[in-house]
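# Architecture at a glance
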Amino acid sequence: MRIIMLLYCIHLFNLALCQNLIPNAGFENLSSCPSGLPERGIIATKPWYIIGNPDAVTPDLFHLNCPLPAQTASVSQFWSNQFLPFEGKGYAGIASAALVNGVFISEGLGTPLLSSLEGSEAYYFEMRVGSKGIDNIDNPLSKDCQTTPKKSIGIYFSENIINQIRESDSNNLVVNTFATGDLVLADSSYNLASFTSSIWYKYSSCFLAKGGELHLGVIAPIGKFDAITSPCQISKSQRGFFHISYYDIDNFLLLKMPKELAADTSICEGEPERIDIRKLVPLPMFENAKFRWEDGNTDSIRILQRPGLYKIEVVMPCTTIPLYLNVKSKDCGISIYVPNAFSPNNDGINDELKPFVKSILEFNYYQFKVFNRWGNIVFSTDNSEKGWDGKIGNKEVEMTGIYVWSLEYELKNGTGNKKFIKSGEVTLIR
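This structure is a prediction, so every number in the text was calculated from the model and none was measured.

### Notes on the overall build of the protein chain
- Per the secondary structure count, the protein chain includes four helices and 31 strands.
- Within the span of the protein chain, comprising 430 residues, buried residues form 48% of the whole.

Right under this line is the structure:
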């Protein structure tokens, strides 16, 4: 997928726009294996760093080159050598927990970007997420003890290194957490609650930058207790969780979006051709985009018959990008001409209605029909050498009139063995 994306970036717009601004986006590069357990191991994938106090906030690192100790892997719900990254060898894990002693913990990790974001420019963000979160693992009353928010992942951007502020109450219990960066995107989909550890899903969206942002932060749900009252019986002497959510994360992507797009395709002029815009611009950022044509049509698939320059608006949640589609005419190995009038009067001139076909390919299927004004068939043939002589049966049509013809054909191999249909009107002159 990355190779395909790169090739289309070169073809469609400036290659610089396709640079992933997130370094070590799949946690592949390691300085060393985490010593013993995955906790705080994210610092081995520099320039990633821990958001918050490393003694309290411990985002995890997993890497296939660094297997877990057998005993650890067998007893942990979140750590196991059986869990695999979405792609490559590395991935990270972050948790958010409301403890029964009143402490709210939100794990997060951040990284400097390869370049700062430009003001008012649109950017596309993508990451893979797997959920391992559970609730009510230690206290039977916790199902009624709500925290805000309960399940979401925040994506933050900031000019400076992102950190967390921990708010304490009069008893010095941490009951609220804040991020110093600006919350730009949040994945609060129900998928975070329903997806299991064996499934990765893609979260993606786009946003407009303020300008100057140089750090990305990804933080498990940060929030607070709604009320520190029954049934949230908080005591410093208690141990365990009211709530905990845990997410695996992998394969980050941050791209500057183009100002405009250009794509080329070709069709057999006059022949209906199915055009799929998503296949012409197969970049991940446009998978959920809407395409608005000049005639108001919003389908990504259109049937085109004529070459030309088509302007299509690619509608995204954060911006609208013009796409200029250049449809060229190609030699499809056949040209067909059907006269718009004929005179079957036996003068040897234009006495028969028949398509004039110039083709380097043979017909695999051929059906020529003529209809009267009421839609009844007055002539039909599957022989490309035969035409209509103006008779219905053995009786000549006496009156001048307008008829409709249709030609359905299929060429051998040349166009993928698909049927084409042409139609038009012809005037019979006596």
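Right, picking up where we left off after that structure.
### Some thoughts on the confidence of the model for the protein chain
- Summarising the model, the protein chain shows a mean pLDDT of 81, and 77% of its residues fall at 70 or more.
- At the level of individual helices and strands, the protein chain shows its lowest average pLDDT in helix H1 (residues 2-12), which scores 42, and its highest in strand S5 (residues 108-112), which scores 97.
- pLDDT under 50 marks residues 1-8. Its contacts with residues more than four places away, or in other chains, come to 15 contacts.
- In the model, residues 227-231 has pLDDT below 50 throughout and makes eight contacts with residues more than four positions away in sequence or in other chains.

### Re the pattern of salt bridges
- Inspection of the entire model under this criterion finds six salt bridges.
- A salt bridge links Lys 256 to Glu 118, with the shortest nitrogen-to-oxygen separation between them at 3.1 Å. In this pair, Lys 256 sits in strand S16 (residues 241-256) while Glu 118 sits in the loop between S5 and strand S6 (122-131), placing the two residues 138 residues apart along the sequence.
- In this structure, the salt-bridge partner of Asp 295 is Arg 302, at a minimum N-O distance of 3.0 Å.
- When its relative accessible area of 54% is taken as the criterion, Asp 295 is described as exposed.
- Here Arg 302 falls in the buried class, since its relative accessible area comes to 15%.

### A look at the sheet that holds strand S1 (residues 49-50)
- One open sheet holds the five strands; their spatial order is S1-S5-S14-S9-S12, and the pairing between them is antiparallel. The sheet terminates laterally at S1 and strand S12 (182-187), the two strands that pair on one side only.
- Pairing between strand S9 (residues 153-158) and S12: five bridges, direction antiparallel. Its bridge partner being in S12, Gly 154 is matched across the sheet by Ala 186.

### Examining the state of the cysteines
- For the structure shown, the criterion picks out two disulfides.
- For Cys 33, the disulfide goes to Cys 66, at an S-S distance of 1.9 Å. Disulfide Cys 33 to Cys 66: torsion about the S-S bond roughly -80°, handedness left-handed. Taken together, the positions of Cys 33 in the loop between H1 and S1 and Cys 66 in the loop between strand S2 (60-63) and helix H2 (70-75) put the pair 33 residues apart, joining distant regions of the chain.
- Relative accessible area serves as the criterion here: at 14%, Cys 66 is assigned to the buried category.
- Paired through a disulfide, Cys 206 and Cys 318 show a sulfur-sulfur distance of 2.2 Å. Judged by the torsion about the S-S bond (-120°), the Cys 206/Cys 318 disulfide is left-handed. Highlighted residues: Cys 206 in strand S13 (residues 201-208) and Cys 318 in the loop between strand S21 (308-315) and strand S22 (320-329), separated in sequence by 112 residues. The two residues Cys 206 and Cys 318 agree in class, both being buried.

### A short note on the sheet that holds strand S27 (residues 377-381)
- Read from one edge of the open sheet, five strands run S24-S31-S30-S26-S27, paired in mixed fashion. Strands with a single pairing partner mark the edges of an open sheet, and in this sheet they are strand S24 (341-342) and S27.
- Sheet topology note: the strand S26 (residues 363-371)/S27 ladder contains four bridges and is antiparallel. The residue of S27 that forms the bridge with Val 370 is Phe 379.

### Digging into the side chain of Asp 248
- Topologically, Asp 248 is positioned in strand S16.
- Of the residues examined, Asp 248 reaches a relative accessible area of 2% and is grouped as buried.
- Setting aside its immediate chain neighbours within four residues, Asp 248 contacts Phe 62, Tyr 91, Ala 92, Gly 93, Arg 128, Val 129, Gly 130, Lys 132 and Trp 200.

### Notes on the side chain of Asp 250
- Along the polypeptide, Asp 250 turns up in strand S16.
- No salt bridge is formed by the buried Asp 250, whose closest oppositely charged neighbour, Arg 128, lies at an N-O distance of 8.2 Å.
- A polar side-chain atom of Asp 250 sits 3.1 Å from the main-chain amide nitrogen of Phe 86.
- Discounting residues that sit within four places of it in the chain, Asp 250 has contacts with Ala 25, Gly 26, Phe 27, Pro 85, Phe 86, Glu 87, Gly 90, Tyr 91, Met 127, Arg 128 and Trp 200.

### Topic: unusual backbone geometry
- In this model, Lys 46 is joined to Pro 47 through a cis peptide bond whose omega is 20°.
- Among the secondary structure elements, Pro 47 is positioned in the loop between H1 and S1.
- Phi is positive for Asn 24, close to 45°, though the residue is something other than glycine.
- You can see Asn 24 is positioned in the loop between H1 and S1.

### Focus on the nonpolar core
- One finds Phe 125, Leu 216, Phe 252 and Leu 254 to be the most contacted residues of the largest nonpolar core, which totals 34 residues.
- Of all hydrophobic cores here, the second largest spans 28 residues; its members include Leu 255, Ile 277, Leu 280 and Val 314.

### Some remarks on the packing of aromatic side chains
- Scanning all chains against the criterion turns up 17 aromatic pairs.
- Between Tyr 123 and Phe 207 the ring centres are 6.0 Å apart and the planes differ by 25°, which places this aromatic pair in the stacked class. Here the residue Tyr 123 occupies a position in strand S6, and Phe 207 occupies one in strand S13, the gap between them amounting to 84 residues. Phe 207 carries the same exposure label as Tyr 123, and that label is buried.
- With centroids separated by 6.3 Å and ring planes inclined at 40°, the aromatic side chains of Phe 368 and Trp 405 adopt a geometry described as tilted. On the criterion of sequence distance, the pair formed by Phe 368 in strand S26 and Trp 405 in strand S30 (residues 401-411) is long-range, its members being 37 residues apart. For the pair formed by Phe 368 and Trp 405, the shared burial category is buried.
- Among the aromatic residues, those joined into a cluster by ring pairs are Phe 27, Trp 48, Phe 125 and Phe 252.
- If you follow Arg 302 out to its NZ or CZ, it ends over the ring of Trp 293, 4.8 Å from the centre.
- Across the ring face of Trp 374, the terminal group of Arg 373 is positioned such that the distance to the ring centre comes to 5.4 Å.

Calculation notes
Residues numbered from 1 in each chain as written. Predicted model: local features only at pLDDT ≥ 70, side-chain atom pairs only at ≥ 80, totals over all residues. Heavy atoms only, no water. Helix = DSSP H or I, 4+ residues; strand = E, 2+ residues; numbered from the N terminus. Buried < 20%, exposed > 50% of the residue type's maximum accessible area, 1.4 Å probe, protein only. pLDDT = per-residue confidence, 0-100. Contact = heavy atoms within 4.5 Å. Salt bridge = Lys/Arg side-chain N within 4 Å of Asp/Glu carboxyl O. Pairing = 2+ DSSP bridges. Disulfide = S-S within 2.5 Å. Lys, Arg positive; Asp, Glu negative; His and termini not counted. Polar contact = N/O pair within 3.5 Å; in protein donor to acceptor, adjacent residues only side chain to side chain. Core = buried A, V, L, I, M, F, W, Y, C linked by side-chain atoms within 4.5 Å. Phe/Tyr/Trp six-rings, centres within 6.5 Å; stacked < 30°, edge-to-face > 60°. Lys NZ or Arg CZ within 6 Å of the ring centre and 35° of its normal.

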